Amino acid sequence: FTRMAMNNEETVALIAGGHAFGKSHGMVPAAKIGMPPEIAPMELMGLGWHNPQGSGNAENTMTNGIEGSWTPNPTQWDNDYLTNLFKFEWEQTKSPAGALQWTPVDKSAPKTPDAHIAGQMNDLMMMTTDIALKVDPEYRAVCEKFLGDFDAFTQAFSKAWYKLTHRDMGPRERYLGPEKRNENDLLWQDPIPVADYQVIDAADVASLKKSILATGISVSDLVYTAFSAAVTHRHSDKRGGANGGRLALAPQKDWAVNRRTVPVVEALRKVQDEFNGQQSGGKKVSLADLIVLGGCAALEKAAADAGVATEVPFTPGRRDTTQELTDIEMFTWLKPVADGFRNYLDKGFGEISQGVSPETMFLDKAQLLSLTAPEWVALTGGLRAMNANHDNSPYGIFTDRVGVLTNDFFTVLTSTEYDWAKDDMKGLTFSLTHRATGQSRFVATRADLVFGANSQLRAVAEVYAGSDGHQRFVKAFVKAWNKVMMLDRYDVKVASN
Ligand code: HEM
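Bear in mind that the values here come from a model prediction, so they are computed numbers and not experimental data.

### Examining helix 4 (residues 137-148)
Phase 1: The end-to-end C-alpha distance of helix 4 is 17 Å, a good match for the 16 Å that twelve residues give at a rise of 1.5 Å each.
Phase 2: All of the buried residues in helix 4 are Val 142, Cys 143 and Phe 146. Taken around the axis of helix 4, the buried residues stretch over an arc of 105°, which confines them to a single face. Exposed side of helix 4, more than 90 degrees from the buried face: Pro 137 and Gly 148 are the residues found there.
Phase 3: Buried residues along helix 4 sit in contact with helix 1 (8-18), helix 2 (80-87), helix 3 (128-135) and helix 5 (150-166).
Phase 4: Structurally, the start of helix 4 carries an N-cap: the backbone nitrogen of Glu 138 is 2.9 Å from a side-chain oxygen of Asp 136.

### Side note on helix 16 (residues 455-465)
Phase 1: Taken together, the buried positions of helix 16 are Leu 457, Val 460, Ala 461, Tyr 464 and Ala 465. Within helix 16, the buried residues cover an arc of 140° as seen down the axis, which keeps them to one side. In helix 16, those exposed residues whose orientation departs by more than 90 degrees from the buried face are Ser 455 and Gln 456.
Phase 2: Considering only its buried residues, helix 16 is in contact with helix 13 (373-385), helix 14 (408-414), helix 15 (446-453) and helix 17 (469-486).

### Observations regarding the environment of Asn 57
Phase 1: Structurally, Asn 57 is set in the loop between strand 1 (23-24) and strand 2 (68-69).
Phase 2: On the accessibility criterion, Asn 57 (44% relative accessible area) is partly exposed.
Phase 3: Separated by 403 residues in sequence, Asn 57 and Val 460 have C-alpha atoms that sit 50 Å apart.
Phase 4: A polar side-chain atom of Asn 57 sits 3.0 Å from a polar atom in the side chain of Ser 55.

### Here we look at the packing of helix 3 against helix 4
Angle between the axes and distance between the axes are the two parameters that describe a pair of packed helices.
Phase 1: One can describe the packing of helix 3 onto helix 4 by two numbers: an axis separation of 5 Å at closest approach and a directional angle of 85°. On the basis of the axis angle, helix 3 is roughly perpendicular to helix 4. Here Ala 132, Leu 133, Lys 134 and Val 135 of helix 3 come into contact with helix 4, specifically with Pro 137, Tyr 139, Arg 140 and Cys 143.

### A closer look at the sheet that holds strand 12 (residues 429-434)
Phase 1: Spatially, the three strands line up as an open sheet ordered 11-12-13, and their pairing is antiparallel. Edge strands, defined here as strands with exactly one partner in the open sheet, are strand 11 (418-422) and strand 13 (440-445). Pairwise comparison of adjacent strand axes, ignoring direction, gives a mean angle of 25° for this sheet.
Phase 2: Relative to strand 13, strand 12 runs antiparallel, the two being bridged by five bridges. Counted as the bridge partner of Leu 432 is Phe 442 from strand 13.
Phase 3: Across the sheet, helix 15 is in contact with strand 11, strand 12 and strand 13; its angle to strand 13 comes to roughly 100°.

### Digging into the nonpolar core
Phase 1: In this structure, Phe 227, Phe 341, Leu 379, Leu 405, Phe 451, Trp 481 and Val 484 are the most contacted members of the largest nonpolar core, which totals 84 residues.
Phase 2: Per-element accounting of this core gives the leading share, ten residues, to helix 9 (residues 287-305).
Phase 3: Look past the residues within four positions of Val 484 in its chain and what remains in contact with it is Phe 227, Ala 230, Leu 369, Leu 371 and Leu 379.

### A word on the site of the ligand
Phase 1: Around the ligand lies a shell of 17 residues, among which His 19, Lys 23, His 25, Thr 63 and Asn 64 are the nearest.
Phase 2: For the ligand, an oxygen atom lies 2.8 Å from a polar atom in the side chain of His 25.
Phase 3: Within the contact set of the ligand, an oxygen atom lies 2.5 Å away from a side-chain nitrogen or oxygen of Asn 64.
Phase 4: Broken down by secondary-structure element, the contributors of at least two residues to the shell around the ligand are helix 1, strand 1 and helix 5.
Phase 5: Element by element, the count of residues in the shell around the ligand is highest for helix 1, at three residues.

About the thresholds
Residues numbered from 1 in each chain as written. Predicted model: local features only at pLDDT ≥ 70, side-chain atom pairs only at ≥ 80, totals over all residues. Heavy atoms only, no water. Helix = DSSP H or I, 4+ residues; strand = E, 2+ residues; numbered from the N terminus. Expected span 1.5 Å × (residues − 1). Buried < 20%, exposed > 50% of the residue type's maximum accessible area, 1.4 Å probe, protein only. Arc of directions from axis to C-beta. Contact = heavy atoms within 4.5 Å. Polar contact = N/O pair within 3.5 Å; in protein donor to acceptor, adjacent residues only side chain to side chain. Axes fitted to C-alpha atoms, helices over the stretch in contact; angles between N-to-C directions. Parallel < 35°, antiparallel > 145°, perpendicular 65-115°, else oblique. Pairing = 2+ DSSP bridges. Core = buried A, V, L, I, M, F, W, Y, C linked by side-chain atoms within 4.5 Å. Near = heavy atom within 4 Å.

So yeah, pure geometry; function would need other evidence.
What follows is the structure, given as structure tokens:
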């Protein structure tokens, strides 16, 4: 529930409210139920979990194994779940399927009508998670509040239900239809105030690019900062991203992985102040736009230095939000444990990842950014060319021309002139030596070598490494970069639909 950004009050409201309705199903021992669809014999045609008892459904239904309803009237909104949970002692019993569940000790406790057999009354049922609401002191305090105030419970459930069913829809710009609510954003919607100023135009973009490059911040740092702002985006629940400028706010500004961005944001603020101070017609540039624009300007320079003239797309209109409109605790869930794009592993990685490899976590990150395999490969190769490692470390920087948008990462990665060896037993880092000379050359992490070791990723890497691959790589990289920068721009996407 915490990962869904629910506090204790919301958690209790949801469980107590949800279990005001319906029933759990466990009439048949699991051993009697047929195989799941994916491993059932072909002739079952995808219909697994065959239930041989009676009709196989209705009063014979078997799903999770626990059997019964929580309340005497499970089709009505009321406070009976909490009333009975607290009024009675509950003892552990077993369902017909053999699952552990809880039943009132007092046999005079209310019963509940069977969902299918007319006239049959059954004992009430609680799951261990329901009993936990009574036993845990913090949940118990919330239960007691709701027990004494049905209206407060109803209101809390209604709000938490709205949040539960909308929290993965992202910003309100994505909401459609006549029932769309128009009041101010709620904190869990990660609000970004609307722009009450004129947004920068193409001429401003051109001059701002020059101002940013004139600050002397390195192209690597600019790229790193823009990417760090955008990479928090999660396609799964549409949270995070560069819009809002939250990279400059707690908690993100304080994450170890973002340490490198702090002086860059400082310098960009000066560019922002200077530009906004010069405007007379109510025009402003947001810090969120400047952070992304800095990355775009740097990449254009890096591509030009590599001999490929490229325009990196930039769409202005990001707005800055405030610290008050940022739920620090809930944004902390976006903090990466691992981020292969920035060659980052959290200090507690071993403990948190529970055996999941860094490259698997990297795949998860790429998936959260909704990247295809070629996009993932191109993006990583470009970031390595720019040395977008969180600590400026040499891992995966297979080039002598750092900050130039070369395809060197791929040519070295796929070359047979080198030998790779583990640095330690854990196999988290590797060293590369030149086969012919024995000279040590580069170092790498698992988030680098996976692009050579995995056959599918390697197939893409070889295309970018080819003698005709450089231009193609730059094009693919810029496209993937722009995709990531635009992931959270629902204002633009919805407007153009
Ligand atoms: C600790 C959290 C929860 C646990 C462990 C839990 C567990 C379960 C289980 C095992 C079932 C029985 C499924 C079946 O056999 O068909 C069930 C049913 C149900 N749950 Fe939950 N649940 C939780 C929270 C919630 C929440 C937050 C809601 C809604 C706000 C909810 C609403 C329901 C409803 C309506 C049913 C009855 C479905 C039916 O009648 O077929 N539950 N729950």
